Amino acid sequence: MGGHGSGRYAAGLEKGKETVEQYTHFNINFLAPFLKKGKKLHLKAEMKSNPISKLIVDPNEMYIELEYKKDQEVIYLDKTPCHFGGYRYWFLCQCGKRVGKLYHGQLGFACRSCYDLNYVSQQYAKTDCSYFIWRMYRIANKVDPEFNKQGLNTNFPIFKPKYMHYKTYRKLLHKFELYRFKGERVWIKGCSLIVNRRF
Ligand SMILES: [Zn+2]
């Protein structure tokens, strides 16, 4: 086989050349034709070497589900009307930004500015509970943009914004709880180390 669009970076994934583009990225242009047709896409990689092993696109629910390097990801989509009719589609990054490209790294799929900023985040180790708190805040900020201004808060916002699907809200809540659980585990482990040292 071989040729353009097949092999390792098939299914919309591209490997870039410049700095941020060293990350493998996923372009909305790959999905746009399916979204425009309102077509449900259920793609299982035909080739073992393909890094995306699952891709589900449901234009009615405005999200995609994919599996990449054993990471299961749900990516939300958004659309804005075009001047000449129809819609333009976007990925909705974890930070709430509408973007055309997502990069894959430590945060999973996230936008360029997330990874630019997150040379800082990459310094967090997953053995550090602030890493999990930081991820919880990013998720909660999608529901309540004021969340990170309320001081240390580990409770998910109880009010769902009107524009958000209930399903989306539930998924964010679930993700938030998962990070809280992981963070607490790391925190307790850290405490037990201190306790053991002192007594
Ligand atoms: Zn982002």
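Residues numbered from 1 in each chain as written. Predicted model: local features only at pLDDT ≥ 70, side-chain atom pairs only at ≥ 80, totals over all residues. Heavy atoms only, no water.

Draft legend 1. Representation of the overall build of the protein within the structure. Looking only at helices and strands, one finds 4 helices and 10 strands in the protein. Counted from the first residue to the last, the protein has its helices and strands arranged as β-β-α-β-β-β-β-β-β-β-β-α-α-α. Counting only residues that meet the buried cut, the protein has 41% of its 199 residues in that class. Summed over all atoms, the accessible surface of the protein reaches about 12,600 Å², with 56% contributed by carbon and sulfur. (Helix = DSSP H or I, 4+ residues; strand = E, 2+ residues; numbered from the N terminus. Buried < 20%, exposed > 50% of the residue type's maximum accessible area, 1.4 Å probe, protein only. Areas by Shrake-Rupley, 256 points an atom, 1.4 Å probe, with all protein chains shown as cover.)

Draft legend 2. Representation of the pattern of salt bridges. In this structure the tally under the stated criterion is 3 salt bridges. A salt bridge links E146 to K149, with the nearest nitrogen and oxygen atoms 3.5 Å apart. With a relative accessible area of 43%, E146 lands in the partly exposed category. (Salt bridge = Lys/Arg side-chain N within 4 Å of Asp/Glu carboxyl O.)

Draft legend 3. Region of interest: the pairing of strand β9 (residues 101-105). When you tally the buried positions in β9, you get 4 out of 5 residues, the bulk of the element. Across 3 bridges, β9 lies against strand β10 (residues 108-110) in antiparallel orientation. Within the sheet, the bridge partner assigned to H104 lies in β10 and is F109. In textbook terms, the turn of a hairpin is the stretch between consecutive antiparallel strands, and for β9 and β10 this stretch comprises 2 residues. (Pairing = 2+ DSSP bridges.)

Draft legend 4. Helix α1 (residues 28-36), seen in detail. For α1, every residue scored as buried is listed here: I28, L31, A32 and L35. Along the long axis of α1, the arc covered by the buried residues comes to 125 degrees, so they all point the same way. A side-chain oxygen of the first residue of α1 lies 3.0 Å from the backbone nitrogen of N29; this N-cap is N27. Where α1 ends, the next residue or the one after it, G38, has phi of about 65 degrees, a positive value. (Arc of directions from axis to C-beta. Polar contact = N/O pair within 3.5 Å; in protein donor to acceptor, adjacent residues only side chain to side chain.)

Draft legend 5. Spotlight on the environment of N27. Here N27 lies in strand β2 (residues 24-27). By relative accessible area, which is 13% here, N27 ends up buried. Each C-alpha atom of the pair N27 and L102 lies 6.7 Å from the other, and the pair is 75 residues apart in sequence. Within the structure, N27 has its side chain in polar contact with the backbone nitrogen of N29 (distance 3.0 Å).

Shape descriptors only; they carry no functional weight alone.
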